[in-house]
Amino acid sequence: MERMPKWADVILTPLISLVLAFAISALVILAIGESPAEALKVMVQGALGSSYGWGFTLYYTTNFVFTGLAVMVAYHAGLFNIGGEGQAAMGGLGVALVVLALPWPHWALALPAAAMGAALFGALWALVPAWLQARRGSHIVITTIMFNFIAAAALNYMLVNVLRPVGSMDPASARFPEAAHLPKLSEMALGLGVEWGRNTPANVTFFLAIAACLLVWLLIWRTRLGYEIRAFGKSEPAALYAGISPVRITVLAMLVSGALAGLMAVNNVMGEAERLVLNAVEGAGFIGIAVALMGRNHPLGVLLAALLFGFLYQGGGELALWTSIPRELIVVIQALVILFTGALDNMVRMPLERMFAALRRKGA
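Everything quoted here is computed from the prediction, not taken from an experiment.

Student: Looking at this structure, I do not really get the overall build of the protein. What am I missing?
Tutor: Looking only at helices and strands, one finds 15 helices and zero strands in the protein. Here the C-alpha atoms of the protein give a radius of gyration of 21 Å, agreeing with the 21 Å that 2.2 N^0.38 yields for 364 residues. Dimensions of the protein, computed from C-alpha atoms along their principal axes, come out at roughly 75 × 60 × 40 Å. The proportion of buried residues among the 364 residues of the protein is 50%. For the protein, the distance from the average site of its 22 positive side-chain charges to the average site of its 18 negative ones is 12 Å.

Student: How should helix α5 (residues 107-136) be read in this particular structure?
Tutor: An α-helical turn contains 3.6 residues, so a residue and the one three or four places further along point in the same direction. Under the 1.5 Å per step criterion, the end-to-end length of α5 is 43 Å for 30 residues, consistent within 8% with the ideal 44 Å. In α5, a bend of some 30° at Leu 127 exceeds every other bend along the element, and Pro 129, a proline, comes one to four places later. Gly 137 sits one or two residues past α5 and shows a positive phi near 75°.

Student: Before we go on, may I ask you to explain the packing of aromatic side chains in this structure?
Tutor: The geometry of an aromatic ring pair is captured by the separation of the ring centres together with the interplanar angle, meaning the angle of the planes. Considering all chains together, one arrives at seven aromatic pairs under this definition. Aromatic side chains Trp 7 and Phe 356 sit 5.9 Å apart centroid to centroid with 85° between the ring planes, which places their arrangement in the edge-to-face category. Separated by 349 residues along the polypeptide, Trp 7 in helix α1 (residues 6-31) and Phe 356 in helix α15 (residues 345-363) bring together distant segments of the chain. Owing to a relative accessible area of 49%, Trp 7 belongs among the partly exposed residues under this scheme. Given the relative accessible area of 11%, Phe 356 is considered buried. When the ring of Tyr 60 is compared with that of Tyr 313, the centres are 5.4 Å apart and the planes differ by 55°; the resulting orientation is tilted. Note that Tyr 60 is positioned in helix α3 (residues 51-76) and Tyr 313 in helix α13 (residues 299-322), a separation of 253 residues in sequence.

The rules behind each value
- Residues numbered from 1 in each chain as written.
- Predicted model: local features only at pLDDT ≥ 70, side-chain atom pairs only at ≥ 80, totals over all residues.
- Heavy atoms only, no water.
- Helix = DSSP H or I, 4+ residues; strand = E, 2+ residues; numbered from the N terminus.
- Rg over C-alpha atoms; globule rule 2.2 N^0.38 Å.
- Buried < 20%, exposed > 50% of the residue type's maximum accessible area, 1.4 Å probe, protein only.
- Lys, Arg positive; Asp, Glu negative; His and termini not counted.
- Charge placed at Lys NZ, Arg CZ, Asp CG, Glu CD.
- Expected span 1.5 Å × (residues − 1).
- Bend = angle between axes of the 7 residues up to and from the residue.
- Phe/Tyr/Trp six-rings, centres within 6.5 Å; stacked < 30°, edge-to-face > 60°.

Now the structure itself:
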């Protein structure tokens, strides 16, 4: 018999964790002499109170969906991929090389090519840690985090010595061709006669992120490979007994994970900056860990958790702009959310399990 209903595990547990994180955050805000109610009001209005705020919130959400899905897929295989930062950076390199290589006549042709380049470079960056884990027993956490630093150094070299236009002092690639400009959500809304999200970076990649959620759900729960990934993640000895190759599943799961992280670059490199710059990932690879944990490693949960962190990012920027509360406080709130949904998950889960067990005994 299950210790707690599925709905309570998926909805109630993370919701209570979130409330606890925000409650402690409110105490921190009080401690620095500010009003938690006023801070919440500014964040909600700045992130959700206008089409401008929604435009930025959805832009950040798109980034976090891809990195959250990347962590989720690896988790189902029993792997902890914390290399999303480096994989997304390499995905950006893939986007830049593809878009700058050809004179694209239209974004509809450039987008799938750039997405394939991003996914390929992200997957290849995850391949070596996957092979080291599968063949040599090198822990995936250590190798993926080391590859984040290698990716940063490699990207710096490429931008300074290879992709930087002649005469430019900025360590960035040339701007992408005008024809490769991805439609902003504001431009799409304007085409329908609605003025929405003017001057915001949210673009058509948001729909690519939604499609990725659906495809990952189909992969994990509706394909043979997905079954093998989940079986291997639950019990390696049982999977081995069933004829599932640990090397094959480890490599394939990490390739899919790296490809998803790499796809994030379509949003921030092609959709927003329209050129490759240093530090384009801006920590989204690590935020993906929290998104996957809070989303209970399910695509729908990842989407909702990504929206929450998108709200925190945009709301935090507004908070720093319009109040004396430092933006660093948002990092504290994010850390508390991660702490309660991850490290302290059992602090919420165990009392709930006891409560539901008591209710079952009472009902019996």
